[in-house]
Amino acid sequence: MKYQLLEIDPLFTFNTGNMAEIEKILLKYPSSFPQSAVLPLLDIAQRQNSGWLCKSALDEVAKILHMPFMQVYEIATFYSMYNLKPTGKYLLQFCRTTPCWLKGADDVELACKKHLGVGMDETTQDGMFTLKQVECLGACVHAPVVQINDDYYENLNKDSVVELLENLRRGDVTGTR
Ligand code: FES
């Protein structure tokens with residue numbers, strides 16, 4: 001997947017509640033290695049920033065942890081759990097690793113693309129759904145799996161996934177975020 005840091009760069013600072021959370025997280029690591037907390041801090045920044053990391057948020061994490069900006073950019077672009085552009089209300093992450101693939105992940109993905117009229121790494125015009133491919137989500141026994149925001153949906157097929165999309169659209173099911 002190709003990642004790109006965006007030009008759109010809203011000014012980001014952690015809110016008071018998240019700063020308090022960060023203080024607690026930092027206490028878990030040796031004070032001489034604050035950079036060990038980079039992954040949870042990026043996660044907090046992403047959650048505060050409506051599900052994605054703007055450059056300003058990455059820089060803020062780097063400043064707090066006394067890390068070179070580039071090192072934080074490298075980490076944020078390596079892990080698929082960080083989004084470097086805005087996503088829809090529901091971020092659908094399709095597992096494409098072998099067990100899910102053998103159990104019909106391609107059909108599930110294709111059904112979603114057709115139903116929503118968008119491709120991978122795209123967001124529907126109404127801003128509801130973004131599609132993304134990821135590697136194993138660690139729930140292979142229930143393949144094929146799609147993660148929607150923080151929730152897992154398992155044992156899907158081309159019909160049940162479309163039903164799920166419609167339930168999400170109607171608000172009958174809500175993805176945790
Ligand atoms: S291969 Fe899909 S969850 Fe492991």
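Predicted, not measured: the structure shown is a model, and the values here were computed from it.

Draft legend 1. Fine view of the packing of helix α6 (residues 105-116) against helix α7 (residues 158-170). At a minimum axis separation of 8 Å, α6 and α7 run at an interaxial angle of 40°. It follows from the interaxial angle that α6 and α7 lie oblique. Considering how the two elements wind past one another, α6 and α7 form a crossing that is right-handed. Where α6 approaches α7, its residues Asp107, Val108, Ala111, Cys112, His115 and Leu116 are matched on the opposing element by Lys158, Val161, Val162 and Leu165. Per-class residue counts for the contact of α6 with α7 are seven nonpolar, one polar and two charged.

Draft legend 2. How the structure looks around the nonpolar core. Of all hydrophobic cores here, the largest spans 22 residues; its most connected members are Leu92, Phe94, Val108, Cys112, Val146 and Val161. Elements represented by at least two residues in this core include exactly β1 (90-95), α6, β2 (129-134), β3 (146-148) and α7. A total of five residues in this core trace back to one element, the largest contributor, which is β1. Here Cys112 is in contact with Leu92, Leu131, Val161 and Leu165, once residues within four sequence places are set aside. Grouped together as the second largest cluster of nonpolar side chains are 13 residues, Ile44, Ala57, Val72 and Ala76 included.

Draft legend 3. Inspection of the packing of helix α1 (residues 16-26) against helix α2 (residues 38-48) at higher detail. Between α1 and α2, the shortest axis-to-axis distance is 10 Å and the interhelical angle comes to 170°. Taken together, the axes of α1 and α2 are roughly antiparallel relative to one another. Within the contact between the two elements, α1 uses Asn18, Glu21, Ile22 and Ile25 and α2 uses Pro40, Leu41, Ile44 and Gln48.

So, how was this worked out
Residues numbered from 1 in each chain as written. Predicted model: local features only at pLDDT ≥ 70, side-chain atom pairs only at ≥ 80, totals over all residues. Axes fitted to C-alpha atoms, helices over the stretch in contact; angles between N-to-C directions. Helix = DSSP H or I, 4+ residues; strand = E, 2+ residues; numbered from the N terminus. Parallel < 35°, antiparallel > 145°, perpendicular 65-115°, else oblique. Left-handed = near helix turned anticlockwise from the far one by under 90°. Contact = placed C-beta atoms within 7 Å. Nonpolar A, V, L, I, M, F, W, Y, C, P; charged D, E, K, R; others polar. Core = buried A, V, L, I, M, F, W, Y, C linked by C-beta atoms within 7 Å. Buried ≥ 20, exposed ≤ 12 C-beta atoms within 10 Å, placed from the backbone.

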